[in-house]
Amino acid sequence: PAATREAIRGVLFDVDDTLTTHGALTAAAYAALEALRDAGLMAVAITGRPAGWCDHLARMWPVDAVVGENGALWMRYDRATRRLERRFVADDAARAADRAKLARIGAAILRAVPGTALASDQHYREADLAIDFCEDVPPLPRAAVDRIVALMQAEGMTAKVSSIHVNGWFGSYDKLAMTRMLLAEAFALDIDAEREHFVFAGDSPNDAP
C-alpha cells in the first residue's frame, strides 16, 4: 500500500541471487540502487561475501554501507572525508587466531566431502570459512551440504547455507546482529524501534534472521 511504501526509509538487501542474476550484477539492478540513493533512501548491502569485496562495494557502489561475512563486519565509506570506516565483531588478534583454525577445518572438510572447494574469495575473508558447493564446482546434493554444516558445527562453529556456499565462523553473530550494530553506531538508528521504516530482501537460510 502507498502509505506503507511512503514510510520506508531504507532498503537492506542480500547480494548473491537477490541483487544479482545468475551471478551477475545487471545494469538494471545497479540503476535501481542509484534510484534509491537519488530518492533519499538508505541502501545497505548485507552479504556473506568477504571483507575484500566489502571494501570495494562500500567505496564504489551507490550504497550507504555494507555488512559482510554474514555479520562479521560492517564498512562505510565517508565520501566527505574520503575515509573507509570499518567495524569487526572480533579484534585483529582474535581474527588471526581464528584464521589458523579455519584453514585446518577447511582442509578437513575438503577431504571429507568430495566435490567441494574453498570459495574462490576465501583469501579475501577476515573471519569466516566459505565452502563452495555450487558456484565454481558442479552442484552437490543436499546431503553433501548437510555434511559440510555438520562438520563445521562439530568444530564449534556457527554454520549457515547461502545460495552458493556454506559459511562457518566462530561466534553467535549473524546478519541481523551486525545490521543492528551498524545502524546504531553509524546512523544512530534503532532498527527494532523503526522496523516499519525498513525492508529487507534475501533468498537463503543465512538471510533468515
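Scroll up to find the structure.
Residues numbered from 1 in each chain as written. Predicted model: local features only at pLDDT ≥ 70, side-chain atom pairs only at ≥ 80, totals over all residues. Heavy atoms only, no water.

Enquirer: Looking at this structure, I do not really get helix H6 (residues 175-187). What am I missing?
Expert: Residues separated by three or four positions in an α-helix point in the same direction, a consequence of the helix having 3.6 residues per turn. An ideal rise of 1.5 Å per residue puts 18 Å on 13 residues; H6 measures up with 17 Å between its terminal C-alpha atoms. Among all positions in H6, only Lys-175, Met-178, Thr-179, Leu-182 and Leu-183 are buried. Taken end-on, H6 shows its buried residues confined to a sector of 135°, consistent with a single buried face. The elements touched by buried residues of H6 are strand E1 (10-13), strand E2 (42-46), strand E3 (65-68), strand E4 (73-78), strand E5 (83-88) and strand E10 (198-201). Measuring from the backbone nitrogen of Leu-176 back to the side-chain oxygen at the start of H6 gives 3.1 Å, which picks out Asp-174 as the cap. Backbone geometry just after H6 places Ala-188 at a positive phi near 55°. (Helix = DSSP H or I, 4+ residues; strand = E, 2+ residues; numbered from the N terminus. Expected span 1.5 Å × (residues − 1). Buried < 20%, exposed > 50% of the residue type's maximum accessible area, 1.4 Å probe, protein only. Arc of directions from axis to C-beta. Contact = heavy atoms within 4.5 Å. Polar contact = N/O pair within 3.5 Å; in protein donor to acceptor, adjacent residues only side chain to side chain.)

Enquirer: In this structure, what is going on with the sheet that holds strand E8 (residues 158-161)? I would like to understand it.
Expert: Strand pairing in a sheet relies on backbone hydrogen bonds, with the paired strands running either antiparallel or parallel. The four strands are arranged E6-E7-E9-E8 in an open sheet whose pairing can be described as antiparallel. Only two strands of the sheet have a single neighbouring strand rather than two, namely strand E6 (117-118) and E8. Pairing of E6 with strand E7 (residues 129-132) involves two bridges; the strand directions are antiparallel. For Ala-117, the partnering residue across the bridge sits in E7 and is Asp-132. This element, helix H4 (residues 92-112), spans E6, E7 and strand E9 (165-169) of the sheet and lies at about 15° to E7. (Pairing = 2+ DSSP bridges. Axes fitted to C-alpha atoms, helices over the stretch in contact; angles between N-to-C directions.)

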